[in-house]
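Examination of the molecular architecture
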Amino acid sequence: MNGRLGVEVELLAPEGSSRRVLAEAIADQLCGAVEPFLFPDAEPSKLGGTALFHNLTPGFRIRDGAGAIAAWVVDDITLQLDLDREAPPVEGWWRVVSDDQRLIELAARHVDAALHLPDALARLAELFGVVPEPGPGGMWRLRTRDGQPIAIAAPLPGARHRGAELVTAPIEDDHERRLDELLSIAVGLGFTAPAEGATHVHLDAAPLRHARTFRRFAQLIDPLLGDLRAVLELNPRCVRLGAWPRELLTALDAPDWDGLEWPAVQQRLDGIRITKYCDVNVRNVVLGAPDKDTVELRILPVHVEAAAILRAARLLESIVAWAGGDDEIDVDAGLRSALGTLPLDAADRRWWEERARSAISSSRGTGDAPAS
């Protein structure tokens, strides 16, 4: 790797364990410490009139011996098939739910993840001048003084403590060793790949923040998605994937596109619904999100060996590098042809060419496209 790398690996704790166990083991290895916090996510609502429920669930920030953040271990609500939905909550595990993202962001700052309910809600309740109201099954409700809902906190059901997404801080150098150090701890504790599991890799977004480079990147990636899914061995049970909106790709065909400054690119793309839930997530490239300024590849299966992750990251890195250059690729010829032009080293090129020969031929031979 030539630059910074971030990795997310979705894992499942063995029965009787939890993501806290993994976080504490990593902190011990690094002679560091664990900081509980509340991790935000959202899931579709089954209630009419409410599109999403926003969740805060227990997560764990890991600092190394020098106090720097090394990793996080958090929940992922897409991991469902391996969990017993009828399993009772485990003592000390709870979540906060609201239908208002603004309130859930406020709760993330003022609910104390290190405490038990209802004490954890005290600071948030104080902001509104109310007290938590008990409900059935260990639930606690916060409402304004005129009865408007703020949030609900309740024990975490369905063995949700076993979901464990390991998220690295940006890795600057010695990428394989540093990543293997984290993954080997998870493997040693018996953590495994969930049924819907995936690995995501993040590279710096800055090289793509030029109109011409971004256009070339997108216009290479989009027609090659089927081939990329095959060679990267996309887990067919993965969810929250898909192609970019066609409006994005149409915008790139504007005759004056390549001459635009980046603020003008952002203005052109304003109003196009670009979500993170794509095979290749460019949302943060376009928005310039300061806390995650990356391009993200989301279609790898769970890998617990760093070498496989690094190989895929270098493939993405080579596509970004190609997009910033002048070489042309015939996208109609597919990924196998493109590999000859991408700036890969010899060993990686041979590996991907062999992988492409078998994987792409197999997927086309059966007529089946990987599921999303």
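Right, let's walk through the structure included here. (Residues numbered from 1 in each chain as written. Predicted model: local features only at pLDDT ≥ 70, side-chain atom pairs only at ≥ 80, totals over all residues. Heavy atoms only, no water.)

What follows deals with the packing of helix H4 (residues 175-188) against helix H9 (residues 306-323). Interhelical geometry of H4 versus H9 gives an angle of 135 degrees and a closest axis separation of 9 Å. Here H4 is positioned oblique relative to H9, judged by the angle of their axes. Crossing of H4 against H9: the hand is right-handed. Every residue of H9 that contacts H4 at His175, Glu176, Leu179, Asp180 and Leu183 is listed here: Ala306, Ala307, Ile309 and Leu310. The residue inventory of the contact of H4 with H9, partitioned by class, reads six nonpolar, one polar and two charged. (Axes fitted to C-alpha atoms, helices over the stretch in contact; angles between N-to-C directions. Helix = DSSP H or I, 4+ residues; strand = E, 2+ residues; numbered from the N terminus. Parallel < 35°, antiparallel > 145°, perpendicular 65-115°, else oblique. Left-handed = near helix turned anticlockwise from the far one by under 90°. Contact = heavy atoms within 4.5 Å. Nonpolar A, V, L, I, M, F, W, Y, C, P; charged D, E, K, R; others polar.)

One can find Arg355 in helix H11 (residues 346-366). Of note is the side chain of Arg355, whose polar atom sits 3.3 Å from the backbone oxygen of Ala230. (Polar contact = N/O pair within 3.5 Å; in protein donor to acceptor, adjacent residues only side chain to side chain.)

We now examine helix H7 (residues 262-269). Residues lying three or four places apart along an α-helix face the same way, a consequence of the helix completing one turn every 3.6 residues. Among the residues of H7, Trp262, Val265 and Leu269 are the ones counted as buried. Down the axis of H7, the smallest arc covering the buried residues is 50 degrees, so these residues share one side. In H7, those exposed residues whose orientation departs by more than 90 degrees from the buried face are Pro263 and Gln267. Of the surrounding secondary structure, the elements contacted by the buried residues of H7 are helix H5 (211-231), helix H6 (246-251) and helix H8 (283-287). With its phi angle positive at about 100 degrees, Gly271 sits one or two positions after the end of H7. (Buried < 20%, exposed > 50% of the residue type's maximum accessible area, 1.4 Å probe, protein only. Arc of directions from axis to C-beta.)

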